[in-house]
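# Chain and residue survey
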Amino acid sequence: MTPTGPERETLDRVIAAALDRFLPGSGPVFTAAVLRGDEVLALEANEVSARCDASRHAEIVAIEKASAALGQTDLSGCTLIASMQPCEMCLAAMRWSRIDRLLFAMTQERAPAFFQFPALTLADYARACDHAFDWHGGLGADRLAQVYEGAP
């Protein structure tokens, strides 16, 4: 997958939002956006701690807000853009909402501590759904190394 100009611009905004929210020693933050064409439908941060809810990952929050903005759960034609490669739960939510493009900065290989099923790769998920989505990862990862690499 080759990221489009609007996807790259939105990824820059997602990375900037993560860096703006990051306080050294306080744990990582995650940010994500849903883009349709050149329109950002949602750009959100994780709400896990704030809501005491392990399911409120940034991708989940962004998918919820984008669905509300469109008044539907079908987000076909949209791109999910994240500061970190989406976890297993977020990949499933992405597929349930029919998002077919994924762009992210930090990768599972560089920050494996955030994955509960480390033997499953993104390629495994793509194969499992008959390659129903395209992805590009690692773009801008160096900018987020201080946030994610080595974090518990």
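Here is a short report on the structure shown in this document. Here the structure is a predicted model, which is why all the values come from computation and not from measurement. (Residues numbered from 1 in each chain as written. Predicted model: local features only at pLDDT ≥ 70, side-chain atom pairs only at ≥ 80, totals over all residues. Heavy atoms only, no water.)

### Comments concerning the overall build of the protein chain
The criterion, for reference: Think of it this way: any DSSP run of H or I at least four residues long counts as a helix, any run of E at least two long counts as a strand, and we number them from the N terminus. Atoms counted for the radius of gyration: C-alpha only. Globule rule: 2.2 Å times the number of residues to the power 0.38. Using a 1.4 Å probe, the Shrake-Rupley method yields the accessible areas, and only the shown protein chains count as cover for residues. As used throughout, the charge tally considers Lys and Arg to be positive and Asp and Glu to be negative, leaving His and the chain termini uncounted. Taken as the charge location is NZ of Lys, CZ of Arg, CG of Asp or CD of Glu.
Scanning the protein chain from terminus to terminus reveals six helices and five strands. Along the protein chain, from the amino end to the carboxyl end, the secondary structure elements read α-β-β-α-α-β-α-β-α-β-α. In terms of overall dimensions, the protein chain is globule-like: its C-alpha atoms have a radius of gyration of 14 Å, near the 15 Å expected for 152 residues. Surface summary for the protein chain: the accessible area is close to 7500 Å², and the carbon and sulfur share equals 52%. Separation between the mean location of the 13 positive side-chain charges and that of the 20 negative ones in the protein chain comes to 2 Å.

### Some words on helix 3 (residues 58–70)
Where we set the bar: Residue count minus one, scaled by 1.5 Å, sets the expected span of a helix. A 1.4 Å probe rolled over the protein chains alone gives each residue an accessible area, and that area as a share of the maximum for its type sets the label: buried under 20%, exposed over 50%, partly exposed in between. Contacts were defined at the residue level, with two residues in contact if any of their heavy atoms lie within 4.5 Å.
Its 13 residues place the ends of helix 3 18 Å apart at the C-alpha level, agreeing with the 18 Å of an ideal helix rising 1.5 Å per residue. Buried residues of helix 3: Ala-58, Glu-59, Ile-60, Val-61, Ala-62, Ile-63, Ala-66 and Ser-67, and no others. For helix 3, the secondary structure elements touched by its buried residues are strand 1 (31–36), strand 2 (39–45), strand 3 (78–84) and helix 4 (88–96). Looking at the residues trailing helix 3, positive phi occurs at Gly-71, about 70 degrees.

### With respect to the packing of aromatic side chains
As a reminder, the rule being used: Here the aromatic set is Phe, Tyr and Trp, taking the six-membered ring for Trp, and pairing holds for ring centres within 6.5 Å; pairs whose planes are under 30 degrees apart are stacked, those over 60 apart are edge-to-face, and all others are tilted.
With the rule as written, the count across this model stands at four aromatic pairs. Note on Phe-30 and Phe-114: the rings are 5.3 Å apart at their centroids and 85 degrees apart in plane angle, and the pair reads as edge-to-face. Taken together, the residues span a long stretch of sequence, with Phe-30 in the loop between helix 1 (5–21) and strand 1 and Phe-114 in the loop between strand 4 (101–106) and helix 5 (122–128) at a distance of 84 residues. When the centroid spacing of 6.0 Å and the interplanar angle of 85 degrees are considered together, the rings of Phe-114 and Tyr-148 count as edge-to-face.

### A word on the nonpolar core
Soluble globular proteins: nonpolar side chains tend toward being buried together. What counts here: Nonpolar cores were defined as sets of buried Ala, Val, Leu, Ile, Met, Phe, Trp, Tyr and Cys residues, with membership established by side-chain atoms within 4.5 Å.
Ranked by size, the top nonpolar core spans 46 residues in total, and within it Val-34 and Tyr-148 carry the most contacts. Setting aside residues no more than four positions away along its own chain, Val-34 makes contact with Glu-39, Val-40, Leu-41, Ala-42, Ala-62, Ile-63, Ala-66, Leu-75, Cys-78, Thr-79, Leu-80 and Ile-99.

### As for the pairing of strand 2
Put simply, the rule reads: Note: two strands are recorded as paired if DSSP finds a minimum of 2 bridges between them.
Two strands pair when backbone bridges link them, and strand 1 and strand 2 are joined in this way by six bridges, in the antiparallel orientation. Residue pairing for strand 2: Ala-33 is matched across the bridge by Leu-43. Counted along the chain from strand 1 to the antiparallel partner strand 2, the turn is two residues long, and its residue Gly-37 has a positive phi close to 65 degrees.

### Thoughts on the sheet that holds strand 1
Rules: Axis lines are fitted to C-alpha atoms, over the contacting stretch for helices. Their N-to-C directions set the angle, which ranges from 0 to 180 degrees.
With mixed pairing, the five strands of this open sheet are ordered in space as 2-1-3-4-5. Edge strands, defined here as strands with exactly one partner in the open sheet, are strand 2 and strand 5 (134–137). Averaged over all adjacent pairs, the angle separating strand axes in this sheet is 15 degrees, with direction ignored. Two elements, strand 4 and strand 5, share four bridges in a ladder whose sense is parallel. In the strand pairing of strand 5, Phe-104 is matched with Gly-137.

### Some details on the environment of Ala-68
Inspection of the secondary structure assignment puts Ala-68 in helix 3. Taking relative accessible area as the criterion, Ala-68 reaches 59% and is therefore assigned exposed. As for Ala-68 and Gln-108, which are separated by 40 residues in sequence, their C-alpha atoms are 29 Å apart.

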